[in-house]
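Commentary on secondary and tertiary structure
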Amino acid sequence: LPTAPTAVIENAELMHDFGDGAGVRTLRINARRFHADPTKNRPARTFITFEDVSALRQAQAEAVRLRENVERDCGGLLRSVLAAATENKLALCLTPDELPRRTVATGEPMALSLPMLRDLRQTVRYYAAKIGNTPDRVNDFENAVGEAAMNAVVHGGGGTGLLCVSEAQNEMQVWIADNGGGIPLQELPRALLEKGYSSKGTMGQGLKIILQTTDKVYLASSESGTTIVLEQQAEPPLPAWMLNLDS
């Protein structure tokens, strides 16, 4: 307790094991010092209260755990639904670890801004043609990357773009990460499948267009921002109906 005459401690918490077999408990402490008042024959006093809030903290921790389990289960179901709805073109990543392995970066991440979008599009166009894409597929991929980058700047508070190329596999990746607040789980179906939809402050705008103009899209979104990875190969992938045919 501070030495001031009327010092106060409010709602301080500490953890302590009293050795009574109950384990570590969480205590909430409140204290106040009252200075002496000789005119009223009142000595200096200190009042301290201890409250065991272990059960409350355990209940709060359990509530967080249950909420995370529900979100994870819902996310897994949503991932399956969106994969089916997009013929496996969209991979919803519930954690950053589920994003694809990066191929060889062509340079350092580029800070995205409106003036820099043209440079990014030109670089993407150059490498898309270099690995053997047809002019139509070059245009599609350039437009998809431009849409994702524009969304990051306009709707996601800016961000970075990184171009990766595997010439041996004739494959390109573009990583776009924004600084927005993420796309809420309940809004993902609309953000990904409804043309023109955008949740405020996120990169949701235009994702339907991106899905239509690139081979594969990986998406990871949280409160710290959204990362989208666009992949394109020189040869277009087989349509889903052909993959289900017997060899």
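A short tour of the structure in this document, coming up.

Reading guide: rules and limits
- Residues numbered from 1 in each chain as written.
- Predicted model: local features only at pLDDT ≥ 70, side-chain atom pairs only at ≥ 80, totals over all residues.
- Heavy atoms only, no water.
- Helix = DSSP H or I, 4+ residues; strand = E, 2+ residues; numbered from the N terminus.
- Contact = heavy atoms within 4.5 Å.
- Areas by Shrake-Rupley, 256 points an atom, 1.4 Å probe, with all protein chains shown as cover.
- Core = buried A, V, L, I, M, F, W, Y, C linked by side-chain atoms within 4.5 Å.
- Buried < 20%, exposed > 50% of the residue type's maximum accessible area, 1.4 Å probe, protein only.
- Axes fitted to C-alpha atoms, helices over the stretch in contact; angles between N-to-C directions.
- Parallel < 35°, antiparallel > 145°, perpendicular 65-115°, else oblique.
- Left-handed = near helix turned anticlockwise from the far one by under 90°.
- Nonpolar A, V, L, I, M, F, W, Y, C, P; charged D, E, K, R; others polar.
- Pairing = 2+ DSSP bridges.

With that settled, consider the overall build of the protein chain. For the protein chain, the count of helices and strands is 6 helices and 10 strands. When contacts within the protein chain are restricted to residue pairs at least 6 apart in sequence, those whose partners lie at least 24 apart make up 58%. A total accessible area of about 14,700 Å² is found for the protein chain, and carbon and sulfur atoms account for 54% of it.

For soluble globular proteins, nonpolar side chains are generally found buried alongside one another. Membership of the largest hydrophobic core comes to 33 residues, with the highest contact counts inside it found for V124, M172, I176, I210, I228 and L230. Residue contributions to this core peak at 8 residues, all from helix α3 (residues 135-154). Counting residues in each nonpolar core, the second largest holds 9 residues, with L99, L162, W175 and A220 among its members.

Moving on, we get to the packing of helix α2 (residues 114-130) against α3. Taken N-terminus to C-terminus, the directions of α2 and α3 make an angle of 155 degrees; their axes are 9 Å apart at the nearest point. Taken together, the axes of α2 and α3 lie roughly antiparallel to each other. Along this stretch, α2 crosses α3, giving a crossing that reads as right-handed. Of α3, the residues touching α2 (which contributes L114, L117, L120, R121, V124, R125, A128 and A129) are V138, N139, F141, E142, N143, V145, G146, A149, M150 and V153. Grouping the constituent residues of the contact of α2 with α3 by class yields 12 nonpolar, 3 polar and 3 charged.

With that settled, the discussion passes to the pairing of strand β2 (residues 24-34). For strand β1 (residues 8-17) and β2, the ladder comprises 8 bridges, and the chain directions are antiparallel. Paired with A12 across the bridge in β2 is I29. Count of turn residues in the β1/β2 antiparallel hairpin: 6 residues, of which G19 carries a positive phi of about 70 degrees. Sheet analysis places β2 next to strand β3 (residues 45-52), joined by 8 bridges and oriented antiparallel. Opposite F34, over in β3, you have R45 as the bridge partner.

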